[in-house]
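# Overview (structure and organization)
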Amino acid sequence: MGKNSEKKKSARGLPATVIGIDIGGTGIKGGIVDLARGEIVGSRFRVSTPQPATPDAVAVVVAEIVKELSSRAEAPQPEMPIGVTFPAIIQHGVARSAANVDKSWVDTDVDALFTRVLGRDVHVINDADAAGLAEVRYGAGEGVDGTVLVITLGTGIGSAFIFNGHLVPNAELGHLEIDGHDAETQASAVARERLGLDWDEYSVRLQRYFSHVEFLFSPELFIVGGGISKRSEDFLPNLSLRTRIIPAELKNHAGIVGAALQAALHFKHEQL
Ligand code: BGC
């Protein structure tokens, strides 16, 4: 059986397409996701993140993106839920942290806010968890059993903990305290820029981080995501780990695809 037909089979029972939206610090991006292939249909639609990025201001932008995507010929039916990522702990739809986002998000019921503003069902998920789901279903972690850790290097460090294809949500491994520091302040992509590190210097930071995570969890596979994964040949070969470590495959689509996938899984579950 070819790869595509296997992918189609694995999507059985899911809606064909769902809108996914990825909320980031600088941009909010949306797309219509084909869930059989884990790909965006047509172009992405991006709007700059409003500043200050308060819940109400962000909800307005999310509504604008959904309106644009819904006007397209290939748009999903309006009864389909919308999937949204958010860069914080999300428990039962409620934001429980705000490391790199406006502090007013803490304790905001993000599911309820967006569902109210959009007038349709919305499911919110942590951004790295969404990327992780997308990578194990459609990308670099497809078919890998055991523990897969997807680590995203961006403004912060995000993490998705996946065991036998199932997500253990809100792992927050970017906030491990290593050598007296919150790890993401030393080893995120933005920390590299802030500290003016070249790739060799940055690799030393990543070595310290990944060795520690490897010691704690003994994963089968590390997948490195975030925009910096485009430059993975500049740092991954420098790392010495017993665990295989590879770049993410979905690149900057992982959040949108993962957001749509988890909303589709909620929808399927609710129909059973
Ligand atoms: C947040 C995580 C998020 C990560 C990547 C961290 O600072 O605590 O929830 O997944 O940044 O955006």
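These notes cover the structure that comes with them. (Residues numbered from 1 in each chain as written. Predicted model: local features only at pLDDT ≥ 70, side-chain atom pairs only at ≥ 80, totals over all residues. Heavy atoms only, no water.)

## Digging into helix α7 (residues 199-217)
Here is the rule: The helix count covers DSSP runs of H or I at least four residues long, the strand count covers runs of E at least two residues long, and both are numbered beginning at the N terminus. How far a helix is expected to stretch is found by multiplying one less than its residue total by 1.5 Å. Partly exposed describes any residue whose relative accessible area lies between the buried limit of under 20% and the exposed limit of over 50%, with all areas from a 1.4 Å probe on protein chains only and scaled to the type maximum. As used here, the arc belongs to the directions running from the helix axis to the C-beta atoms. Within 3.5 Å is the distance limit for a polar contact, defined as a pair of N or O atoms, with the added protein rule that one can donate a hydrogen and the other accept it, and that residues adjacent in sequence qualify only through two side-chain atoms.
Across its 19 residues, α7 extends 26 Å between first and last C-alpha, which sits within 8% of the 27 Å expected from 1.5 Å per residue. Along α7, the residues classified as buried are Trp 199, Tyr 202, Ser 203, Leu 206, Tyr 209, Phe 210, Val 213 and Glu 214. Buried residues of α7, viewed axially, fall in a sector of 135°; they line one side. For α7, the exposed residues lying more than 90 degrees away from the buried face are Asp 200, Val 204 and Phe 215. Between the side-chain oxygen at the start of α7 and the backbone nitrogen of Asp 200 there is a gap of 3.1 Å, and the oxygen is on Asp 198. One or two steps after α7, the chain reaches Ser 218, where phi turns positive at roughly 40°.

## Looking at the pattern of salt bridges
Under the convention used in this document: Only one rule defines a salt bridge in this text: a Lys or Arg side-chain nitrogen within 4 Å of an Asp or Glu carboxyl oxygen.
Counted under the stated rule, the structure contains 5 salt bridges. Residue Glu 214 pairs with Arg 242 through a salt bridge whose shortest N-O separation is 3.9 Å. Within this pair, whereas Glu 214 is found in helix α7, its partner Arg 242 is found in the loop between β13 (221-225) and β14 (244-247), the two being separated by 28 residues in sequence. Given a relative accessible area of 7%, Glu 214 falls into the buried group. For the salt bridge of Asp 234 with Arg 231, the shortest nitrogen-to-oxygen distance reads 2.6 Å. Classification of Asp 234 as partly exposed rests on a relative accessible area of 24%.

## Some details on unusual backbone geometry
Of the consecutive residues Gln 51 and Pro 52, the connecting peptide bond is found in the cis state with omega at -5°. Here Pro 52 shows up in the loop between β3 (39-48) and α2 (55-70). Phi is positive for Asp 107, close to 75°, though the residue is something other than glycine. Unusually for a residue other than glycine, Asp 179 sits at a positive phi of about 50°. Within the secondary structure, Asp 179 sits in the loop between β11 (177-178) and β12 (181-182).

Read these as geometric descriptors, not functional statements.
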